[in-house]
Amino acid sequence: MRRLCVFLWLLLAPAAFAEVDFDGTDDVIISDNDVTLLGAHQASFWIKPDTIGENNLGFIYRWCNNSRVNLIATNTIQVVLPTATPTIARCNNNSITLGAWQHVVVNFNGGLTANRYHIYINGTECGYQLQQNGSGALIFCLAGLQKFRIGNNDLLTRTFDGQIGELAIWNSTALTAAERTLLGQPIKYLPQQVQPTALSWY
């Protein structure tokens, strides 16, 4: 079994459903963990955005050196790994539907080549309008100074507007197609590919 790198943070939420509503203004969840995620990793989460977010760049989550997964003004989603020239993988326009739940898996095999990022929306890999290879050294976080954040950046200027649910991150190699399918099975303590409003644990 793969080891969780961060946490299944929403399992601890007191609400009946496992999602948190971000206000698009200044909401954020900050982990106590230092998370660099510079090597291979994968993430699974649900989003239901009301808008693209604050300044048309609502962050879903952010880690070391402002690396992030965020929405962008063309109703799409991107992964950015800042270096001298940032690594960017951005899905085609209108890949994300406002006002609707969608399940997203982000896989990363490591390195600065954009095609090593794979973004799956509702089980299908998106088409990409931008795959920009990075250059320059990866910048490591200073321990204790840059915590993992959900729903915003460290300056509180990129607030997600809408709901995020069932976020989990692993520090391991990319999911296979079979493993992505398993995310839809009723396995306790793994993100489920059912809408959070219909979520049940077995």
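The following refers to the structure shown.

### What about the packing of aromatic side chains?
This structure, assessed with the given rule, holds six aromatic pairs. Measuring from centroid to centroid gives 6.3 Å for F22 and F160, while their planes differ by 85 degrees, and the two rings are edge-to-face. With F22 in strand 1 (residues 19-23) and F160 in the loop between strand 12 (147-150) and strand 13 (161-170), this pair connects stretches of sequence that are 138 residues apart. For the residue pair F22 and F160, the accessibility class agrees, reading buried in each case.

### Remarks on the sheet that holds strand 13
The antiparallel open sheet is built from six strands, whose spatial order is 1-13-3-8-9-10. Across the chains shown, the open sheet's two edge strands, defined by having one partner strand only, are strand 1 and strand 10 (124-125). Sheet topology note: the strand 3 (residues 41-49)/strand 13 ladder contains seven bridges and is antiparallel. Following the sheet pairing, K48 is matched in strand 13 by Q163.

### Some details on the nonpolar core
Ranked by internal contacts, the top residues of the largest apolar core, which has 30 residues, are F45, I47, I60, Y61, V69 and I77. Other than its neighbours up to four places away in sequence, V69 contacts F45, F59, I60, Y61, W63, I77, Q78, V79 and V106.

### Re the environment of Q78
Among the secondary structure elements, Q78 is positioned in strand 6 (residues 76-81). With 39 residues separating them along the chain, Q78 and Y117 place their C-alpha atoms 9.7 Å apart. When residues no more than four places from it in sequence are discounted, the contact partners of Q78 are R68, V69, N70, I72, I88, A89 and R90. Engagement of the side chain of Q78 in a polar contact is seen with the side chain of R90, the distance being 2.7 Å.

### Considering the environment of A89
With respect to the helices and strands, A89 occurs in strand 7 (residues 87-91). By relative accessible area, A89 is classed as buried at 0%. With 42 residues separating them in the primary sequence, A89 and Q131 have C-alpha atoms 4.6 Å apart. Setting aside residues no more than four positions away along its own chain, A89 makes contact with I77, Q78, V79, A114, Y117, I119, Y128 and L130.

### Let's talk about unusual backbone geometry
Positive phi, normally seen in glycine, also occurs at N55, with a value near 55 degrees. Positionally, N55 belongs in the loop between strand 3 and strand 4 (59-63). Judged by its relative accessible area of 51%, N55 is exposed. The phi dihedral of N94 falls on the positive side, at around 60 degrees, and the residue is not glycine. By the secondary structure assignment, N94 is in the loop between strand 7 and strand 8 (102-108).

### A short note on the pattern of salt bridges
Here the structure, examined in full by the defined rule, presents one salt bridge. For D154, the salt bridge identified is with R62, shortest N-O distance 3.8 Å. Note that D154 is positioned in the loop between strand 12 and strand 13 and R62 in strand 4, a separation of 92 residues in sequence. The partly exposed category is assigned to D154, whose relative accessible area is 39%. Accessibility expressed as a relative area gives 1% for R62, which makes it buried.

### Looking at the state of the cysteines
Evaluated as defined, the whole model comprises one disulfide. Between the sulfur of C91 and that of C126 lies a disulfide, 2.0 Å long from S to S. Across the S-S bond linking C91 and C126, the dihedral sits near -75 degrees, which makes this disulfide left-handed. Of this pair, C91 sits in strand 7 while C126 sits in the loop between strand 10 and strand 11 (128-132), and the two are 35 residues apart along the sequence. C126 matches C91 in its accessibility class, with the two residues each being buried.

Calculation notes
- Residues numbered from 1 in each chain as written.
- Predicted model: local features only at pLDDT ≥ 70, side-chain atom pairs only at ≥ 80, totals over all residues.
- Heavy atoms only, no water.
- Phe/Tyr/Trp six-rings, centres within 6.5 Å; stacked < 30°, edge-to-face > 60°.
- Helix = DSSP H or I, 4+ residues; strand = E, 2+ residues; numbered from the N terminus.
- Buried < 20%, exposed > 50% of the residue type's maximum accessible area, 1.4 Å probe, protein only.
- Pairing = 2+ DSSP bridges.
- Core = buried A, V, L, I, M, F, W, Y, C linked by side-chain atoms within 4.5 Å.
- Contact = heavy atoms within 4.5 Å.
- Polar contact = N/O pair within 3.5 Å; in protein donor to acceptor, adjacent residues only side chain to side chain.
- Salt bridge = Lys/Arg side-chain N within 4 Å of Asp/Glu carboxyl O.
- Disulfide = S-S within 2.5 Å.

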